[in-house]
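Tertiary structure, described
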Amino acid sequence: MTVISPSKATPAEGTATGGSRTRPGKLAESGSPTVRPPAAAHLSDEQVAELGRELDAIRDEILAKRGAADAAYIRRVIKIQRGLEISGRAALLVSKNKAAWVTGTTLLSLAKILENMEIGHNVLHGQWDWMRDPDIHSTTWEWDFVTPSRSWQHTHNDLHHRWTNVVGKDNDVGYNLLRMDEQQPWKPVNLANPLFNAILAPLFEWGIAIYDLELTEFKEGKKSKEALLKDLKALGKKVVTQFTKDYAATPAVAMLTGSGKQALYGTLTANAVRNVWAHAVIFCGHFPEGTDTFTEEMAEGETRGDWYIRQMIGSANISGSKFMHIMTGNLSHQIEHHLFPDLPSNRYAEVAPKVREICQRYGLKYTTGPLLKQVGSTWGKIFKLALPGKTAQA
């Protein structure tokens, strides 16, 4: 079968290394997958191909429009984030005063959310590589998250975005911890699904750090001991960096005002708040009712149009205000992000109505809803799949 790469990168976009650019991989030039997902079974090969061309055109339009306004946007967000972090840490230096503690913890929480979601996640996807700014580039950015950027780029950009919701290929379906699909065999340990998830939320960055080590792949012989040791070394260095910044440096300086303990509690709280928020946003983008999962046969032999379809029906959006969208890193537009992971995040709101119209015209679902509804739906699935014989209905 003749295959082509779906990449439409141009020299202006730059070429990143280390798995920082998201690419669907090699896709069939024509035809259809071994089994087309049920939600798309009514589409002919010609319709799927045309759908792919329409979405390609949307992507090309945004690529052609990128410019100074987009660059100014990300630089402004970074400036705001750094201001929030400096102000938050400064307030924590005198956090023996309760008002200062609340102010400092709130500002630091907002800074960490903004850095992790709208800046770090999107920079590491290569969304801003076209600017050719070495300080805002997928190969140089190290985010405020305990897992090293390069490790995350491999498991997230290279694997998750290629195999979105393909059970057996995309380990993000449950993160090797939770049963999140009826295709996953039930085990007695799955009864603890809700408990595991409740623990995972405030410790999300640590869960992701362990997940990024790919311990399951190591146990199965798919990952070498040398590769694991390399990843452990990188993780160790990152842990030292994060601990020094949050749990040593800031509290140590705060001790000069008698606020050391309060500053430590403040940074702990800010990290927990960021983790809970990131967990909620990511789970709401992948697991609420209405999102589909797929068998390996549904991805085998898929064309670019089929890959697009899998991203659309396997993801879910969150409706809300512009502020909410920014604080989610625009992952509230998860459908658009999965379609176009390397487009600037500030463009997803512009793209969304066009994607929704295409879904309606081709008879494909476009799953979206308010944050609380999506959170409730996700938790409902977690509880249902904790029990044997329970399935999540699309």
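Scroll up to find the structure this text is about.
All residue numbers refer to positions counted from 1 along the written sequence of the respective chain. Totals for whole chains, interfaces and linings use every residue, but because this is a predicted model, local features are given only for residues with pLDDT of at least 70 and side-chain atom pairs only at 80 or more, for both listing and counting. To obtain the side-chain values, all non-hydrogen atoms of the structure were included, while hydrogens and water were left out.

A look at the overall build of the protein chain
Test applied: Numbering of helices and strands runs from the N terminus; a helix is a DSSP stretch of H or I covering at least four residues, while a strand is a stretch of E covering at least two. Within these notes, the globule rule equals 2.2 Å times the number of residues to the 0.38 power, and the radius of gyration is based on C-alpha atoms. Relative accessibility decides the category of a residue: with a 1.4 Å probe and only protein chains considered, values under 20% of the type maximum give buried, values over 50% give exposed, and everything between is partly exposed. For the purpose of charge, His is not counted, nor are the chain termini; Lys and Arg are scored as positive and Asp and Glu as negative. Here the site of a charge means atom NZ of a Lys, CZ of an Arg, CG of an Asp or CD of a Glu.
Tallying secondary structure elements over the protein chain gives 15 helices and four strands in all. Against the globule reference of 21 Å for 394 residues, the protein chain gives a C-alpha radius of gyration of 21 Å, in line with a compact fold. With respect to the principal axes defined by its C-alpha atoms, the protein chain has extents near 70 × 55 × 45 Å. For the protein chain, with 394 residues in total, the buried portion stands at 53%. Of the side chains in the protein chain, 46 bear a positive and 42 a negative charge, and the two mean positions are spaced by 7 Å.

Here we look at the packing of helix α4 (residues 149-160) against helix α6 (residues 204-212)
Our working definition: Only C-alpha atoms enter the line fits that serve as axes; for helices the fit covers just the stretch in contact. Angles between N-to-C directions range over 0 to 180 degrees. Oblique is the label for every angle not falling under 35 degrees (roughly parallel), over 145 degrees (roughly antiparallel), or within 65 to 115 degrees (roughly perpendicular). Contacts are assigned to residue pairs with any non-hydrogen atoms lying within 4.5 Å of each other. Here the nonpolar group is Ala, Val, Leu, Ile, Met, Phe, Trp, Tyr, Cys and Pro; Asp, Glu, Lys and Arg are the charged ones; every other residue, Gly included, is treated as polar.
It is at 9 Å that the axes of α4 and α6 come closest, and there the two elements cross at 75°. Considering their axes alone, α4 and α6 lie roughly perpendicular with respect to each other. Taking contact as the criterion, the partners of Ser151, Trp152 and Thr155 in α4 are, on α6, Ile208, Tyr211 and Asp212. Class assignment of the residues belonging to the contact of α4 with α6 gives a composition of three nonpolar, two polar and one charged.

A few points about the side chain of histidine 325
Worth spelling out the cut-off: N or O atoms closer than or at 3.5 Å make up a polar contact, with two conditions inside protein: a donor-capable atom paired with an acceptor-capable one, and, for residues adjacent in sequence, both atoms drawn from side chains.
With respect to the secondary-structure elements, histidine 325 resides in helix α12 (residues 322-327). The class for histidine 325 is buried, based on a relative accessible area of 13%. Here glycine 320 takes part through its backbone oxygen, which lies 3.2 Å from a polar atom of the side chain of histidine 325. A polar side-chain atom of histidine 325 sits 2.5 Å from a polar atom in the side chain of serine 332. Those residues within four positions of histidine 325 in sequence are excluded, and the remaining contacts are Ile318, Ser319, Gly320, Asn330, Ser332 and His333.

A word on empty space enclosed by the protein
Vacant regions in the atomic arrangement are exposed by a probe of water-molecule size rolled over the atoms. Put simply, the test is: Here a cavity is any set of points on a 1 Å grid over the protein atoms alone where a 1.4 Å probe fits but cannot get out, and a pocket is any open set with protein on both sides within 12 Å along at least 5 of 7 lines; a residue lines the site when it has an atom within 4 Å of a point. Grid points are joined across faces, edges and corners, and a volume is the space filled by probe spheres set on the points.
For the coordinates displayed, the defined rule picks out three cavities of 30 Å³ or more. The volume enclosed by the largest cavity comes to roughly 240 Å³. Residue lining of the largest cavity: 23 residues in total, with His121, Trp152, His156, Phe204 and Ile282 positioned closest to the centre. Residue assignment for the lining of the largest cavity shows that the elements contributing at least two residues are α3 (98-124), α4, α6, α9 (260-286) and α13 (334-339). A per-class count over the lining of the largest cavity returns eleven nonpolar, ten polar and two charged.

Observations regarding unusual backbone geometry
One non-glycine residue with positive phi stands out, namely arginine 132, at about 55°. Note on placement: arginine 132 falls in the loop between α3 and α4.

Looking at the packing of aromatic side chains
What counts, and what does not: Between 30 and 60 degrees the pair is tilted, below 30 it is stacked and above 60 it is edge-to-face, where a pair is any two Phe, Tyr or Trp rings, Trp via its six-membered ring, whose centres lie within 6.5 Å. Whether a charge sits over a ring comes down to the Lys NZ or Arg CZ being within 6 Å of the ring centre and within 35 degrees of the ring normal.
Inspection of every chain in the model, using the stated rule, returns 14 aromatic pairs. Taking 6.4 Å as the distance between ring centres and 35° as the angle between the ring planes, the aromatic pair formed by tryptophan 128 and tryptophan 130 counts as tilted. Its relative accessible area of 0% is what places tryptophan 128 among the buried residues. Taken together, a centroid distance of 6.3 Å and an interplanar angle of 90° make the contact between tyrosine 175 and phenylalanine 204 edge-to-face. With a gap of 29 residues between them, tyrosine 175 in the loop between α4 and α5 (193-200) and phenylalanine 204 in helix α6 connect regions that are remote in the sequence. Above the plane of the ring of tryptophan 163 lies arginine 162, whose end atom (NZ or CZ) is 4.0 Å from the centre. Its end group placed over the ring of tryptophan 163, lysine 169 keeps NZ or CZ at 4.9 Å from the ring centre.

Description of the pattern of salt bridges
Put simply, the test is: We define a salt bridge as a side-chain nitrogen of Lys or Arg found within 4 Å of a carboxyl oxygen belonging to Asp or Glu.
Using the criterion set out here, one finds 26 salt bridges in the structure. A salt bridge links arginine 274 to glutamate 205; the nearest nitrogen and oxygen atoms lie 3.0 Å apart. Linking arginine 274 in helix α9 with glutamate 205 in helix α6, this pair joins segments that are 69 residues apart in sequence. Glutamate 205 sits in the buried class, given a relative accessible area of 4%. What you see here is one network of salt bridges that share partners, running through Glu85, Arg89, Lys112, Asp144, Lys245 and Asp246.

Re the packing of α5 against helix α15 (residues 371-384)
Viewed as axis vectors pointing N to C, α5 and α15 meet at an angle of 135°, and their least axial separation amounts to 8 Å. What the angle tells us is that α5 and α15 run oblique. Contact with α5, carried on its side by Asn193, Pro194, Asn197 and Ala198, involves Trp379, Ile382 and Phe383 of α15 and no other residues of that element. Among the residues making up the contact of α5 with α15, the classes are represented as five nonpolar, two polar and no charged.

Observations concerning the state of the cysteines
Applied cut-off: Disulfide: a pair of cysteine sulfur atoms within 2.5 Å of each other.
Evaluated as defined, the whole model comprises zero disulfides. We note that cysteine 284 lacks a disulfide partner, and the nearest cysteine sulfur, in cysteine 359, lies 19 Å from it. Its relative accessible area of 2% is what places cysteine 284 among the buried residues.

Some words on the layout of surface pockets
Its boundaries defined by the atoms lining it, the largest pocket holds a volume of some 750 Å³. If you go around the largest pocket, you meet 28 residues; those closest to its centre are Asn171, Val173, Asn176, Gln184 and Thr216. Only α4 and α7 (215-219) provide two or more residues apiece to the lining of the largest pocket. The biggest single contributor to the lining of the largest pocket is α4, with three residues. In terms of residue class, the lining of the largest pocket is built from ten nonpolar, nine polar and nine charged.

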